[in-house]
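# Chains, contacts and geometry: an overview
One letter stands for each residue in the lines below.
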Amino acid sequence: MKIAIIDCGTNTFHLLIVEIVLPGKFTQLYKTKTTVKLGEDGITKNYISETPFNRGINALKNFANKIAEYNADNVYAFATAALRKAKNGNNFIIETQKQTGIKIQLISGEREAELIYYGVREAIDMGDEKSLIIDIGGGSTEFIICNQKNIFWKHSFELGAALLLEKLKPSDPISLEEINKLKAYLDTELEILFEAIKKYVPARLIGSSGSFDTFAEMILVQNNKSPLGKRISYEFYMEDYFNVHQRLIKSTTQQRMQMNGLIKMRVDMIVLASSLLTFVLEKTDIKKMTLSAYALKEGMLFDILKN
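Parameters at a glance
Residues numbered from 1 in each chain as written. Predicted model: local features only at pLDDT ≥ 70, side-chain atom pairs only at ≥ 80, totals over all residues. Heavy atoms only, no water. Phe/Tyr/Trp six-rings, centres within 6.5 Å; stacked < 30°, edge-to-face > 60°. Buried < 20%, exposed > 50% of the residue type's maximum accessible area, 1.4 Å probe, protein only. Axes fitted to C-alpha atoms, helices over the stretch in contact; angles between N-to-C directions. Helix = DSSP H or I, 4+ residues; strand = E, 2+ residues; numbered from the N terminus. Parallel < 35°, antiparallel > 145°, perpendicular 65-115°, else oblique. Contact = heavy atoms within 4.5 Å. Nonpolar A, V, L, I, M, F, W, Y, C, P; charged D, E, K, R; others polar. Core = buried A, V, L, I, M, F, W, Y, C linked by side-chain atoms within 4.5 Å. Salt bridge = Lys/Arg side-chain N within 4 Å of Asp/Glu carboxyl O.

Looking now at the packing of aromatic side chains. Going through the model one piece at a time under the given rule, you end up with 13 aromatic pairs. Ring plane angle 50 degrees and centroid distance 5.9 Å describe the contact between Y117 and Y118, whose orientation is recorded as tilted. Neither Y117 nor Y118 differs from the other in exposure class; each is buried. Ring geometry for F143 against F157: centres 5.6 Å apart, planes inclined by 85 degrees, an arrangement best described as edge-to-face.

Below you can see the structure in the form of structure tokens.
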């Protein structure tokens, strides 16, 4: 049986097509992603503007063509923060089904966090040690405290990189005053996270795909190493990450456009993603960080396979 998974994120739409070869086992047939930036010009107003609305529909038309090409038996499409919050999110879902036949399911932030965990634990063996998973999206950021067997705490915060960019509208490059303003804002917004961290004391931070892929690729280029390729995990040296962070916060948009390892779609949001991550690292004093290339869509796949 062939199944297609579609993740309609705030910044990026992902498509994964696999063939189930044995119970719980699959072969990947096709994988792609498309930049849609659904939050452009409307994320703080909880509205999907006309241009990103059409961009999203066109991306799903292309996905529908690929799904037909591979003769997928079942399609599982789900949407997160941007469509959850948008006043016209339901219109987007109706229009998608009308034009493509794809039925999108809205999932809650708590469900999103749970699925991210399912994806990460297939990429990384966390063992009994407690870890803090972070998934920095465009419209929301999920935090999960867990080990290989259990979730101890999880929460989805309206602190996505696209949302922060729209709210803060930082200078180019971002100023020290703006960074301090962001830290003060995060300190208030993430109060319940830091209480949970004090209670469970995670020893390692695991970054779920997205911005963390970019941090890893930039470090690998900087160190003249091979790109990530098909690797599903990567261990950071903290000094390497903090060097990249310093480069990012001192850079202009034009300078970031020229940085190797930094893809174009992340140029505008990566500074705020890096600032959010650095704030959490400094506040918690976590000294180990790992990338999981598996995230939400893989979590949905493993959940389907399990059931």
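Text resumes after the structure shown.
As a further point, take the packing of helix α5 (residues 161-168) against helix α11 (residues 270-284). One can describe the packing of α5 onto α11 by two numbers: an axis separation of 9 Å at closest approach and a directional angle of 105 degrees. Taken together, the axes of α5 and α11 lie roughly perpendicular to each other. Counted together, A161, L164, L165 and L168 of α5 and L272, A273 and L276 of α11 form the full contact between these two elements. Of the residues that constitute the contact of α5 with α11, the class distribution is seven nonpolar, no polar and no charged.

On to the side chain of T96, then. Along the chain, T96 turns up in helix α3 (residues 89-100). Not counting the four nearest positions on each side in its chain, T96 is found in contact with I57, L60, G101, I102 and I104.

The subject of this paragraph is the nonpolar core. Ranked by size, the top nonpolar core spans 54 residues in total, and within it L132, F143, L205 and L277 carry the most contacts. The leading source of residues in this core is α11, at nine residues.

Tallied over the full model, the rule gives 18 salt bridges. K31 is paired through a salt bridge with E298; the nearest N and O atoms lie 3.8 Å apart. On the criterion of sequence distance, the pair formed by K31 in strand β3 (residues 25-35) and E298 in helix α12 (residues 296-306) is long-range, its members being 267 residues apart. Under the relative-accessibility criterion, K31 is labelled partly exposed at 42%. For E298, a relative accessible area of 4% gives the class buried. Across the pair K283 and D187 runs a salt bridge, and its minimum N-O distance is 2.7 Å. Placement of the pair is K283 in helix α11 and D187 in helix α6 (residues 176-189), with a sequence separation of 96 residues. On the basis of relative accessibility, which here comes to 34%, the residue D187 falls in the partly exposed class. Counted as one network, the salt bridges with shared partners bring together R111, E114, D303 and K306.

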